[in-house]
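The primary structure of each chain is shown beneath.
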Amino acid sequence: MTIELRGSALPAVHRLPADASGDAAPGARITAVLAHGTGFHGRVWGPVARRLPGVDCHATDLRGHGESRVPDGYDFPWSAFGADLLATVDGVDPAERGPVVGIGHSCGAASLVLAEVARPGTFAALWLYEPAAFPPPPPGVVPTNPLAALARRRRATFADRAEAARNYASKPPMNAFDPEALAAFVDHGFDDVDDHVRLKCLPANEAQVYESALVAEVFAAMAQVRCPVVVVEGNESKSGRFAALAAQFPDGRLETHPDLTHNGPLTHPDRIAASILHWLAPLR
């Protein structure tokens, strides 16, 4: 099924930071494709992108998020998110493109894996913060994702963006977000509808993304990725979950930040940018 996004088959893509210039010499900068987690949108990467000098950042709104719209009832195959990221790469002028890397969080991290497997060699390297990937369940076990039920109960409307911002800033997990990241989410994550604002990623769509994750086969795809990969984890190190994912990649390694949560890219842009810059050093 071809989804028409903003009048074309392309996702919405944002060059970050918003005042980024294109005056670097061709190939002088690294080209980065930034992929967000479920329910968010590309511009929440703004605080991290602003801290990445010499990196030409292109943040995608995965379909159903931000400005990339889908029809009602869309079932959100995760392979389509991979296609959105490949379209992002294709949209960068080859004359201005440096080495292309993928930087992703959760669903976005998993989608970068699917993009690389669909078109091997697209990315020179991948930086994946807690990718949403799951081993296959034991025979006879039907997997479920509890996040889907939580998403369906999410409040979708507010009187205005100011009310939404106050609500999110008053309780976990968003009260821990970097203020710039939270402002970006609110400013660009809502539609104006009559006398109120409504989430662009509707709760039913967010829930379907979580449910589709269970059949996305990202775990199996990891073994097919040939470029260097770093899997970055927060405080789940005791579970060993992400160590197991890093081991799935032929050229994978694990990086641990035990004081960060699953939302590390949104709560600690300084730390995340420092990790990314260190990872990028061999490509410069």
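Think of each chain on its own: its residues are numbered from 1, step by step along the sequence as written. Local features in a predicted model are, by the rule used here, given only for residues with pLDDT of at least 70; side-chain atom pairs are given and counted only at 80 or more, and totals for whole chains, interfaces and linings are based on all residues. Side-chain metrics rest on all non-hydrogen atoms present in the structure, leaving aside hydrogens and water.

Colleague: In this structure, what is going on with the sheet that holds strand S7 (residues 190-193)? I would like to understand it.
Modeller: Sheets are built from strands that pair by backbone hydrogen bonding, the pairs being arranged parallel or antiparallel. Sheet architecture is open: 3 strands sit in the order S6-S8-S7, paired in antiparallel fashion. Edge positions in the sheet fall to strand S6 (157-158) and S7, since each of these pairs with one other strand and no more. Paired strands, in this sense, are two strands between which DSSP finds at least two bridges. In this text, helices come from DSSP runs of H or I with a minimum length of four residues, and strands from runs of E with a minimum of two, each type numbered from the N-terminal end. As defined by bridge partners, S6 adjoins strand S8 (residues 196-199) across 2 bridges and the pair is classed as antiparallel. When the sheet's bridge partners are listed, Thr157 is paired in S8 with Arg198. Across the sheet, helix H5 (residues 161-169) is in contact with S6, S7 and S8; its angle to S7 comes to roughly 140°. When checking whether two residues touch, look at their non-hydrogen atoms; a contact exists if any pair is within 4.5 Å. To get an axis, fit a line to the C-alpha atoms, keeping to the stretch in contact for a helix; angles then go from 0 to 180 degrees between the N-to-C directions.

Colleague: I'm lost on the packing of H5 against helix H6 (residues 179-188) in this one. Help?
Modeller: Helices that pack against each other are described as a pair by the angle of their axes relative to one another and the distance between those axes. Contact pair H5 / H6: the axes reach a minimum separation of 10 Å and the direction vectors enclose 140°. Between H5 and H6, the crossing angle belongs to the class labelled oblique. Read as a crossing pair, H5 and H6 show a hand that is right-handed. Counted together, Arg161, Ala164, Ala165, Tyr168 and Ala169 of H5 and Leu182, Phe185, Val186 and Asp187 of H6 form the full contact between these two elements. Each angle gets one of four labels, with under 35 degrees taken as roughly parallel, over 145 as roughly antiparallel, 65 to 115 as roughly perpendicular, and the rest as oblique. Left-handed is the label given to a crossing in which the near helix is rotated counterclockwise from the far helix by less than a right angle, and right-handed is the label when the rotation is clockwise.

Colleague: Whenever I open this one, the packing of aromatic side chains confuses me. Can you help?
Modeller: For any pair of aromatic rings, geometry is given as the distance between the ring centres together with the angle between the planes. Side-chain rings of Phe, Tyr and Trp (the six-membered ring for Trp) are treated as a pair once their centres are within 6.5 Å; stacked means planes under 30 degrees apart, edge-to-face means over 60, and tilted covers the remaining angles. Per the stated rule, a full pass over the model turns up 11 aromatic pairs. Measuring from ring centre to ring centre gives 4.9 Å for Tyr74 and Phe76, while their planes differ by 65°; the resulting arrangement is edge-to-face. Exposure is judged per residue with a 1.4 Å probe applied to protein chains only, and the accessible area is read against the type maximum: over 50% gives exposed, under 20% gives buried, and values in between give partly exposed. Classification of Tyr74 as buried rests on a relative accessible area of 7%. Here Phe76 and Phe81 contribute two aromatic rings whose centre-to-centre distance is 6.3 Å and whose plane-to-plane angle is 40°, an arrangement assigned as tilted. Phe81 gets classed as buried once you look at its relative accessible area, which sits at 0%. Clustering of aromatic rings is evident, with ring pairs tying together Phe40, Phe158, Tyr168, Phe177, Phe185 and Phe190.

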